[in-house]
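An overview of the molecular structure
Each chain, written out:
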Amino acid sequence: MSEVLVGWGGRLPATSTMRAPQCEDDVIRELASGEAMIARGLGRSYGDAAQLSGGAVLSNRGLSHIGPITDGVVTVGAGTSIDELLTHTLPEGWFIPVTPGTRQVTIGGAVAADVHGKNHHRDGSFANHVRSMRLVTPEGTLRVSPDDEPELFWATMGAMGLTGVVTSVELALARVETNQMVVDTDRFHDLASVMAEMRARDDNYHYSVAWVDCMRAGATMGRSILTRGRHATTDDVERSSLTPPGPSRLSIPFRAPSLALNAWSIRAFNEFWYRRSPEHEVEALVPIGAFFHPLDGLSNWNRLYGRRGFVQYQFCVPEQHGEAISHVIERLSESRVASFLAVLKRFGRANPAPLSFPLEGWTLALDLPVGAANLPALLDEFDTVVANANGRVYFAKDARLRREYVPMMYPRLDEFLRVKHRVDPRHQLTSDLARRLGLVSG
Amino acid sequence: MEDAFGHPQSVVVLGGSSEIARAITKRLCAARTRTVVLAGRNAALLSDAADEARAYGATKVEHVLFDAEEPHRAGATVREAFEKVDDPVDLVIIAVGQLGTQSGGEDSDAVAQLITVNFTWPSAALAEARRLLIAQGFGRILVISSFAAVRSRGGAYLYSGAKAGLDRVCVGLAQSLEGTGVKLQILRPGVVRTKMSRGLREPPFTTGTNDVAEIVMRALGTDDVVIWSPPILRYVAVLISHLPTALWRRIGARDE
């Protein structure tokens, strides 16, 4: 059945033929057709990673079994969402070891993007917690792990589905005692002070993230709210509970007019967000859902951006190039491009995956409504800043990177392409992102 | 593939030496375009346009020669251009046209030639581009129509009539493409300062080729079927479509 797919940013519609395998054998049969295809989960990547214009798209949602938890390890179907997994594991006192800002991603998608969370500086990215997985490639189906087929295991992490279709994942979970977090919140009047604080004391916290207002100029440029926390123990709470987070209560029913989010309304929102946060608050109890997935409370929030949609620009730079963060925020503020509260975080050590995004240092994610005439050129300029700082742009967010930058930002691209060629010599697994950025040639 | 702003990586330009097409191609190459196939009649002009495309960032530039007075060969020309891209084609620009001398509405050969170049050849080429892009499953077509297609004027009625015909075909074609993954956009520029317009009196809203290219670059990222250049012509068009004939003829006569 032909369907028009878009990424979460609402740009780049792709007409693709949908397939819905219900088990690993179905996936094997689909690949045996020889047709060009890519797997897709819940469509939360922002650009064109999980679509193939004029080709086939394999929904992984039918692969949704969840096995029993044994010694904190669970085997789960690649189409299971983090939300579904938590419903199953949290009542037993097990949490997902790494979660992005939404529970609405599948485990297959989490592998494909090698997602990271607020604990990257402590726990690394999703791949670091995967014990093994089953992978259907055009050259055969196999179990891969850091010990069996390590090259293929790591090449699959962050490779946006281009080495094969992940059907199930053996995942090590994290022990928790309650469904609450103990959170410290601080406001900072400028970027330099929040970055200094994060450098100095992030390591004392399990989780840490800063929201940055990129629409301020001058002395308050980059004013921020830093929230840091840890899982609450039974000693921290009066009544201990392990009830999983509930479904979102509010939804945006249709696409807002494209002008609803403009420089004025976004500036007002940023102001509101800054003022509603406490100047300094210690050890507040916050539910797990509100701490990790604040936007899940409002389903389809991307519709707020209207028909024109938005692009997200997320990059990371090594520790010694922290100035690239302030440079980008300064240019953004000067250029008067509308930008929602940006997310700033410190990354810990990178893992061995050649296409995994996180590098030890800093990452900044910007949400930018499409429409400003100077936006394409401004983002091109940021690419140069990031590449010169030996940083990189995140494929899961990208919809516009200049392809010449890919080998600079991902210097181990060739290593990935060699593995890709071994398991997919005819380049059957491809996507609009892969074609746009040259991730299938070589 | 296109990026989120509608900027393509590979482009086929039919009428590649047209000044408007060259201005657009330059901007496309400065953005994301690396492969360009230029099709046109004049090899020397195409070679200049190719140098320009390379200077602005294209890494692969090819050319195809054709004669717009031979519409039965339009399909073959489009196929040849697609083959030379040797990758998916993100954007096809149809910029074939000729203002003509306009003196002889009485010379049937001249009329046939003008209608062929401005209407028949582009329509035939469109059919083939449509077929190839649908088979590919995605892509975009940009047709350079004209503000003159809105309402026929005394002096340039042949050109205006041929462009109106092409424009009408494109409106229908754009509708026919819904659900195919292929998009068509119609550019309706007002008078643009080019060789073709040299010596003509400059009416209001005359722009340069770079202004048109700038507007196209922004419009590629939208779902707009019609692109007006400058944008105010959208409203001028509404106005003049409703002017009483007598008044319209007087305005037309004044321009001659």
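Anyway, here's the lowdown on the structure attached to this text. Just so you know, these numbers come straight off a predicted model, no measurement behind them.

1. Notes on the overall build of chain B
The number of helices and strands found in chain B is eight helices and seven strands. Computed over the C-alpha atoms, the radius of gyration of chain B is 17 Å, within 12% of the 18 Å expected from 2.2 N^0.38 for a compact globule of 256 residues. Considering only C-alpha atoms, chain B reaches an extent of 55 × 35 × 35 Å along its principal axes. Relative to its 256 residues, chain B shows a buried fraction of 54%. Long-range pairs, those at least 24 residues apart, make up 73% of the contacts in chain B with a sequence separation of at least 6. Only carbon and sulfur atoms are counted for the fraction: they give 53% of the accessible area of chain B, which is about 11,200 Å².

2. With respect to the packing of aromatic side chains
How two aromatic rings sit relative to each other is given by the distance of their centres and the angle of their planes. Residue and element names in this part refer to chain A. All chains considered together, the criterion is met by 21 aromatic pairs over all chains. Relative to Phe292, the ring of Phe291 has its centre 5.0 Å away and its plane inclined at 90 degrees; by these criteria the two rings are edge-to-face. Grouping residues by exposure puts Phe291 and Phe292 together as buried. An aromatic cluster is present here, built from Trp8, Tyr46, Trp211, Phe269, Phe272, Trp273, Trp301, Tyr305, Phe310 and Phe340 joined pairwise through their rings. Taking NZ or CZ as reference, Arg175 lies 4.2 Å from the ring centre of Trp94, over its face. The aromatic ring of Trp362 is capped on one face by Arg346, whose charged end is 5.0 Å from the ring centroid.

3. Details of the sheet that holds strand S1 (residues 2–5) of chain A
Residues and elements named next belong to chain A. One open sheet holds the four strands; their spatial order is S1-S2-S4-S3, and the pairing between them is mixed. If you trace the sheet from one side to the other, it starts and ends with S1 and strand S3 (37–40), each paired once. Sheet twist, expressed as the mean angle between neighbouring strand axes with direction ignored, is 45 degrees. Here strand S2 (residues 14–19) pairs with strand S4 (residues 56–59) via three bridges, running parallel. Looking at the pairing, Arg19 lines up with Leu58 of S4. Contacts from helix H1 (residues 24–32) reach S2, S3 and S4, with the element oriented near 175 degrees to S4.

What counts, and where the lines are drawn
- Residues numbered from 1 in each chain as written.
- Chains lettered and ligands numbered in written order.
- Predicted model: local features only at pLDDT ≥ 70, side-chain atom pairs only at ≥ 80, totals over all residues.
- Heavy atoms only, no water.
- Helix = DSSP H or I, 4+ residues; strand = E, 2+ residues; numbered from the N terminus.
- Rg over C-alpha atoms; globule rule 2.2 N^0.38 Å.
- Buried < 20%, exposed > 50% of the residue type's maximum accessible area, 1.4 Å probe, protein only.
- Contact = heavy atoms within 4.5 Å.
- Areas by Shrake-Rupley, 256 points an atom, 1.4 Å probe, with all protein chains shown as cover.
- Phe/Tyr/Trp six-rings, centres within 6.5 Å; stacked < 30°, edge-to-face > 60°.
- Lys NZ or Arg CZ within 6 Å of the ring centre and 35° of its normal.
- Pairing = 2+ DSSP bridges.
- Axes fitted to C-alpha atoms, helices over the stretch in contact; angles between N-to-C directions.

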